[in-house]
Amino acid sequence: MLIADSTKFALQAITSHRMRSFLTLLGIAVGIAAVILLTSIGEGVHQFVLAEFTQFGTNVIGVSPGKVKTGGQPPTGIPTTARLLTMEDAKSLKQLPNVTGASPTVWGNSEVESNGRLRRSTIYGVDADFLHVFSSTVQIGSFLPKEGEGSSRALVVLGSKLRHELFGSMNPLGARVRIGGLHFRVIGVLAAKGQFLGIDLDDTAFIPAARALELYNREGLMEIHVSYAEGISSATVAAAVKNQLKLRHGHEDFTVITQEDMLKTLSNILNILTMAVGALGGISLLVGAVGIVTIMTISVTERTNEIGLLVALGARRSTILSLFLSESVMLAALGGMLGLLLGAGLAQLLRFLLPTLPVHTPWSFAIGALVMSAVIGLLAGVLPARSASRLDPIEALRAE
Amino acid sequence: MADSKSLIALKAIDRTFYLGDSQVYALRNVNLDINPGEYIAVMGPSGSGKSTLLNLLGLLDRPDAGTYQLEGRDVTTLAPDEQAKVRSERIGFIFQSFHLVPRLTAAANIELPLILAGMPAAERTKRVAQALKEYGLVDRAQHRPNELSGGQRQRVAIARATVQRPAVLLADEPTGNLDRVTGEEVVRLLEALNAQGMTLIVVTHDHALGARARRQIKMEDGVIVSDITHMPEQAG
């Protein structure tokens, strides 16, 4: 029997019971729609979170003092035996090939006073490279100037939120600001960056790292952020950074974490999340598959006569098997297509109604869903089709 | 004894069924030779084994003992797929209840054996069109079985049984579900096919129908009790 003919035969069998077939394939459709919708939301959240993390640029490597094997860093303020990362370390990293910037980083929380107002904000001690490393932009004025670390002048750049809190709509440039016990002059304001995982990135002030060390009475830096040229592998740069610091420190008493590694780990976690919600949708798909088994079993019983006839007309057992299998595969595939439209449509609707909820339907999921529904049809059809192909033709012809 | 010209040669065929504890001998030591072009009626009361004989001849059933040669070839030992091929090409079935597929049109029902045999669509269309014409069903081609009369249904079934041009036509009570007039029509159609050379074997307990066959086989309790061949009385 030709494939085109068995397909047509199966389709005729499906369309001869329109309502029943529709309800059966609806079961699969709902399952596929649920899988697509849930994985779309999962994938949307995935992309949203990754975008949050990559808004500072993806080609950043963090160097922190102390060798911490499991990642993370020792809590600040607790004395450690690790050798400190110094301004000289940061400076030496700037010289490495492919490195586009290395910003020493010290941070803390201090009272900022100016214009008769007082506010607690996060203070970052950085240098001129910070702007480049974290892909920030200056709104007005300029960022901290490049200069030797010995002559770091008492200048400050404000985050947009802090600027509003202290100065309102007044021009802050040139104003004097007291941070902790030190006095600074405002030379610029950064463009708003928004929130990052609940932290307001704009309620900040940036001062030269050397001044921050002085302010917080620290010997060493908390971290050095290194950025490198686009298209260079992070591993190469990380190795170069390690070598350079080992040369300076004598042994590896620092930790290098590339953002790529971090994102990879995060991405894996989010993938598992997506799969987990997809599996929840899969339960309804399973119910749909049971529906196919049921209806195919009924169909075989109803058409016992026809099966006997097909044997008498010279059909092989394998032909009868494939006829019923293609019927259940087609039922499931049609259901899959309907589910795809339903799921993608709902995802679009959701995006339209709730624009803040990230929803994203990747094509690979859509194709995967179709293939999955066909496989489900095949599996669901096996049992009834086998019983059909094993019928005794004489009994089958006699059945009423 | 079976000579090489026999279409069908049954030798010492036994077929036993088990109903619970008891054994039922459906066929006991049946020997039968059938030549090409014969017109045979198999008669007997129900349970006499005539239907079992027909199923056996149609390769729907296997004997427990004995051999069955069809066109000189032992078909009892064939693999199931090869038996299916023999059924497809050499044997046509006609049933009492027609067994038309209800969702398919008359034309599609006639086409069914050709589809199962894997014939290309173009060739099939030609053969079906010819069959429809031969059996006077052209204007009924696109009707489904429930829109056809009993006689038309059986004509569709006969067209389907003969569209592969089989060597032997097996009819199980072909007029059982028809009134006298349409039954007569169907029988004449079958006899016309026989006149063209097709071997016709009819199972019936209708004596009037059985009496029309040239060779009449009577069965009782799984045994052939009489096998009479009438010489054609009226030549012409």
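Model, not experiment: these values are computed from the prediction. (Residues numbered from 1 in each chain as written. Chains lettered and ligands numbered in written order. Predicted model: local features only at pLDDT ≥ 70, side-chain atom pairs only at ≥ 80, totals over all residues.)

For chain B, the count of helices and strands is seven helices and 10 strands. Taken over the C-alpha trace, chain B has a radius of gyration of 18 Å; the compact-globule value for 236 residues is 18 Å, and the two agree within 12%. In terms of overall dimensions, chain B has C-alpha extents of about 50 × 45 × 40 Å along its principal axes. For chain B, buried positions account for 45% of its 236 residues. A separation of at least 24 residues holds for 69% of the contacts in chain B among residues at least 6 apart in sequence. (Helix = DSSP H or I, 4+ residues; strand = E, 2+ residues; numbered from the N terminus. Rg over C-alpha atoms; globule rule 2.2 N^0.38 Å. Buried ≥ 20, exposed ≤ 12 C-beta atoms within 10 Å, placed from the backbone. Contact = placed C-beta atoms within 7 Å.)

Judged by how many residues are buried, helix α1 (residues 50-57) of chain B sits mostly within the fold: eight of eight residues are covered. Buried within α1 of chain B we find Lys 50, Ser 51, Thr 52, Leu 53, Leu 54, Asn 55, Leu 56 and Leu 57 of chain B.

A word on the sheet that holds strand β2 (residues 22-34) of chain B. Spatial ordering of the open sheet is given by β2-β1-β4-β5 (chain B), a layout of four strands whose pairing is antiparallel. Where the open sheet ends on each side, the last strands, each with one partner, are β2 and β5 (73-74) of chain B. (Pairing = 2+ DSSP bridges.)

The next thing to look at is the packing of helix α3 (residues 106-116) of chain B against helix α5 (residues 150-162) of chain B. Residue and element names in this part refer to chain B. As a packed pair, α3 and α5 sit with axes 7 Å apart at the nearest point and diverge in direction by 25°. In terms of axis orientation, α3 runs roughly parallel to α5. Here α3 and α5 pass one another in a crossing that is right-handed. Across the interface between the two elements, Ala 106, Asn 109, Ile 110, Leu 112 and Pro 113 from α3 touch Val 156, Ala 159 and Arg 160 from α5. (Axes fitted to C-alpha atoms, helices over the stretch in contact; angles between N-to-C directions. Parallel < 35°, antiparallel > 145°, perpendicular 65-115°, else oblique. Left-handed = near helix turned anticlockwise from the far one by under 90°.)

Attention now moves to the interface of chain B and chain A. Taken residue by residue, the interface counts 22 residues in chain B and 21 residues in chain A. Across the side of chain B that touches chain A, the residue classes tally to 12 nonpolar, five polar and five charged. (Nonpolar A, V, L, I, M, F, W, Y, C, P; charged D, E, K, R; others polar.)

This paragraph deals with the confidence of the model for chain A. The pLDDT averaged across chain A works out to 87; a share of 94% of its residues lies at or above 70. When the elements of chain A are averaged for pLDDT, strand β8 (residues 195-196) of chain A gives the smallest value, 72, and helix α9 (residues 304-312) of chain A the largest, 95. (pLDDT = per-residue confidence, 0-100.)

Here the focus is the sheet that holds strand β3 (residues 39-43) of chain B. All names here are of chain B. Strand order in the open sheet formed by six strands is β6-β7-β8-β3-β9-β10, with mixed pairing between adjacent strands. Of all the strands in the sheet, the pair left with one neighbour each is β6 (91-94) and β10 (223-229). Strand-to-strand twist of the sheet, defined as the mean angle between neighbouring strand axes without regard to direction, takes the value 15°. Relative to strand β7 (residues 168-172), β6 runs parallel, the two sharing four bridges. Bridge assignment links Gly 92 to a residue of β7, and that residue is Leu 169.

Okay, the confidence of the model for chain B next. Summarising the model, chain B shows a mean pLDDT of 92, and 96% of its residues fall at 70 or more. Interface scoring of the predicted complex returns ipTM 0.93; its pTM is 0.73.

Residue and element names in this part refer to chain B. Viewed as axis vectors pointing N to C, α3 and helix α4 (residues 121-134) meet at an angle of 135°, and their least axial separation amounts to 10 Å. By the angle class used here, α3 and α4 are oblique. You can see that α3 and α4 cross each other, and the crossing is right-handed. Mapping the contact onto sequence places Ala 107, Ile 110, Glu 111, Leu 114 and Ile 115 in α3 and Arg 124, Arg 127, Val 128, Ala 131 and Leu 132 in α4. Grouping the amino acids of the contact of α3 with α4 by side-chain chemistry returns seven nonpolar, no polar and three charged.

As a further point, take the environment of Asn 271 of chain A. All names here are of chain A. Assignment of secondary structure puts Asn 271 in helix α8 (residues 259-302). Look at Asn 271 and you get partly exposed, because 13 C-beta atoms sit within 10 Å. Linking Asn 271 and Gly 27, residues 244 residues apart in sequence, is a C-alpha distance of 27 Å.

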